[in-house]
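# Breakdown of the fold
Single-letter residue listing:
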Amino acid sequence: MSDRFIFTKYRTDCYHCKQIADQTIKAVPYQAQVACDNCGATRIYVPRVQDVAKSGSYTKIGCYDLWELVETAQCRHCHVTGPHALTIGCRHFTIRCNNCGFTHFYKSDIEYIAKDELKN
Ligand SMILES: [Zn+2]
Ligand SMILES: [Zn+2]
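Residues numbered from 1 in each chain as written. Chains lettered and ligands numbered in written order. Predicted model: local features only at pLDDT ≥ 70, side-chain atom pairs only at ≥ 80, totals over all residues.

So, about the nonpolar core. In this structure, Ala32, Ile88, Phe93 and Tyr106 are the most contacted members of the largest nonpolar core, which totals 14 residues. The set of elements that each furnish at least two residues to this core consists of β2 (20-28), β3 (31-36), β4 (41-52), β6 (81-88), β7 (92-97) and β8 (102-113). Here the element with the most residues in this core is β3; it accounts for four residues. Apart from the residues lying within four places of it in its own chain, the contact partners of Ile88 are Ile25, Val34, Leu66, Trp67 and Phe93. (Core = buried A, V, L, I, M, F, W, Y, C linked by C-beta atoms within 7 Å. Buried ≥ 20, exposed ≤ 12 C-beta atoms within 10 Å, placed from the backbone. Helix = DSSP H or I, 4+ residues; strand = E, 2+ residues; numbered from the N terminus. Contact = placed C-beta atoms within 7 Å.)

Shown next as structure tokens:
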């Protein structure tokens, strides 16, 4: 059993290099991360709250476009594998189970440019 929870990519313009590039999104219970495949700009989010909540309860206005995605994952609350709504902004990252409403709320922690990890 891996503790991988969400792993996906979202193609959009990067807030850092401004290029259209895949943004790799990874979330596990203790951390969430978004990294630009083009420039390596990485944002790390740390968990703050896990609770059953209404859709949008933890959505705050970010400083640029919110990304709203849907990914299949196994809920850690109801254990159903099904769609989870991801809402990613610059200061927060939420994952909400569409079945039971269980929401993981992460807040931004650090940002860095992972140049070393991009050597291809
Ligand atoms: Zn970038
Ligand atoms: Zn659930």
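Hydrogen bonds between backbone atoms are what pair the strands of a sheet, whose relative direction is either parallel or antiparallel. Taken in spatial order, the eight strands line up as β1-β2-β3-β4-β8-β7-β6-β5 in an open sheet, and their pairing is antiparallel. Of all the strands in the sheet, the pair left with one neighbour each is β1 (6-13) and β5 (67-74). Within the sheet, the average angular offset between the axes of one strand and its neighbour, ignoring direction, is 25 degrees. Sheet topology note: the β6/β7 ladder contains five bridges and is antiparallel. (Pairing = 2+ DSSP bridges. Axes fitted to C-alpha atoms, helices over the stretch in contact; angles between N-to-C directions.)

On a regular strand, each side chain points to the face opposite its neighbour's, so the side chains alternate between the two faces of the sheet. Pairing of β2 with β3 involves six bridges; the strand directions are antiparallel. Paired with Lys26 across the two strands is Gln33, which belongs to β3. When β3 meets β4, the two strands line up antiparallel, connected through four bridges. The partner of Ala35 across the bridge, within β4, is Thr42. What sits between the antiparallel neighbours β3 and β4 is a turn of four residues, in which Gly40 has the positive phi angle 85 degrees.

Our next topic: the pairing of β1. Judged from the eight bridges that link them, β1 and β2 form a sheet pairing that is antiparallel. Bridging across to β2, Lys9 finds its partner in Thr24. In this structure, the hairpin formed by β1 and β2 is closed by a connection of six residues, where Lys18 is found at a positive phi of approximately 65 degrees.

Bringing unusual backbone geometry into the picture now. At Lys18, a residue that is not glycine, the phi angle is positive and equals roughly 65 degrees. The residue Lys18 is located in the loop between β1 and β2 in this model. On the neighbour-count criterion, Lys18 (10 C-beta atoms within 10 Å) is exposed. The phi angle at His79 is positive, at roughly 65 degrees, despite the residue not being glycine. Its 10 C-beta neighbours within 10 Å are what place His79 among the exposed residues.

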